[in-house]
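Spelled out, the chains give:
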Amino acid sequence: MSAIGFDSCFYARLDEFSRSLNHVLLAADAPAFASDDDWRQTLELVQTLAAQNNTSLAASSVAASLTGRMGEKSYWSDVARALIARTLDSTTKKELSALAWTLDDERNAVLARMRHA
């Protein structure tokens, strides 16, 4: 696969996780906004960041691209529990918002590589 092909596929993967995460964040105020798939996908990524789940290649590849920017893994277990319960307190929302910004930064970096390839 060419570099542009890889980046294109990876961009789509980042975009999918980003959209699900944004839906979950919006669901904190309007629960009907996020689908079960949005919650599942966001939980999958957070569990991978917490090193609790490595079964998903999609989540593992996205988490690997974010690892250097996400810092400590210790709080991701708490975020995962909140996602399982579907109750997001202010701390959980703050951590998920930071993750959303980091995903967006990574998406922009991949897009820039594609444009300059």
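Preceding this paragraph is the structure being described.
If you're wondering where the values come from, they're calculated on a predicted model, not measured in any experiment. (Residues numbered from 1 in each chain as written. Predicted model: local features only at pLDDT ≥ 70, side-chain atom pairs only at ≥ 80, totals over all residues. Heavy atoms only, no water.)

Concerning the overall build of the chain
- Tallying secondary structure elements over the chain gives five helices and zero strands in all.
- Helices and strands appear in the chain in the N-to-C order α-α-α-α-α.
- The C-alpha radius of gyration computed for the chain amounts to 14 Å, which stays within 12% of the reference 13 Å derived for 117 residues, consistent with globular compactness.
- Seen along its three principal axes, the alpha-carbon backbone of the chain occupies a region of about 40 × 30 × 25 Å.
- Looking at the chain as a whole, 42% of its 117 residues qualify as buried.
- For the chain, the share of sequence-separated contacts (at least 6 apart) that also reach a separation of at least 24 residues comes to 66%.
- As displayed, the chain has an accessible area near 6500 Å², and 54% of this comes from carbon and sulfur atoms.
- Charge-centre separation for the chain: the mean point of 12 positive side chains lies 2 Å from the mean point of 15 negative side chains. (Helix = DSSP H or I, 4+ residues; strand = E, 2+ residues; numbered from the N terminus. Rg over C-alpha atoms; globule rule 2.2 N^0.38 Å. Buried < 20%, exposed > 50% of the residue type's maximum accessible area, 1.4 Å probe, protein only. Contact = heavy atoms within 4.5 Å. Areas by Shrake-Rupley, 256 points an atom, 1.4 Å probe, with all protein chains shown as cover. Lys, Arg positive; Asp, Glu negative; His and termini not counted. Charge placed at Lys NZ, Arg CZ, Asp CG, Glu CD.)

A few points about the packing of helix α2 (residues 36-49) against helix α3 (residues 57-70)
- Where α2 contacts α3, the axes come no closer than 9 Å and their chain directions differ by 55 degrees. Of the possible angle classes, the one that applies to α2 and α3 is oblique. Read as a crossing pair, α2 and α3 show a hand that is right-handed. Mapping the contact onto sequence places E44, L45, T48 and L49 in α2 and A59, S60, V62, A63 and M70 in α3.
- When the residues that make up the contact of α2 with α3 are grouped by side-chain class, the tally is six nonpolar, two polar and one charged. (Axes fitted to C-alpha atoms, helices over the stretch in contact; angles between N-to-C directions. Parallel < 35°, antiparallel > 145°, perpendicular 65-115°, else oblique. Left-handed = near helix turned anticlockwise from the far one by under 90°. Nonpolar A, V, L, I, M, F, W, Y, C, P; charged D, E, K, R; others polar.)

Notes on the side chain of Q41
- By the secondary structure assignment, Q41 is in helix α2.
- Looking at Q41, the relative accessible area reads 8%, which means it is buried.
- Reaching out from Q41, the side chain makes a polar contact with the side chain of E16 at a distance of 2.6 Å. (Polar contact = N/O pair within 3.5 Å; in protein donor to acceptor, adjacent residues only side chain to side chain.)

Some thoughts on the nonpolar core
- By size, the foremost hydrophobic cluster in this structure holds 30 residues, and its most contacted members are W76, L83, L96, L99 and L103.
- The element best represented in this core is helix α1 (residues 3-27), accounting for seven residues.
- Look past the residues within four positions of L96 in its chain and what remains in contact with it is L21, L25, T42, V46, W76, V79, L83 and L88. (Core = buried A, V, L, I, M, F, W, Y, C linked by side-chain atoms within 4.5 Å.)

Fair warning: the whole summary comes from geometry, so function is off the table for now.
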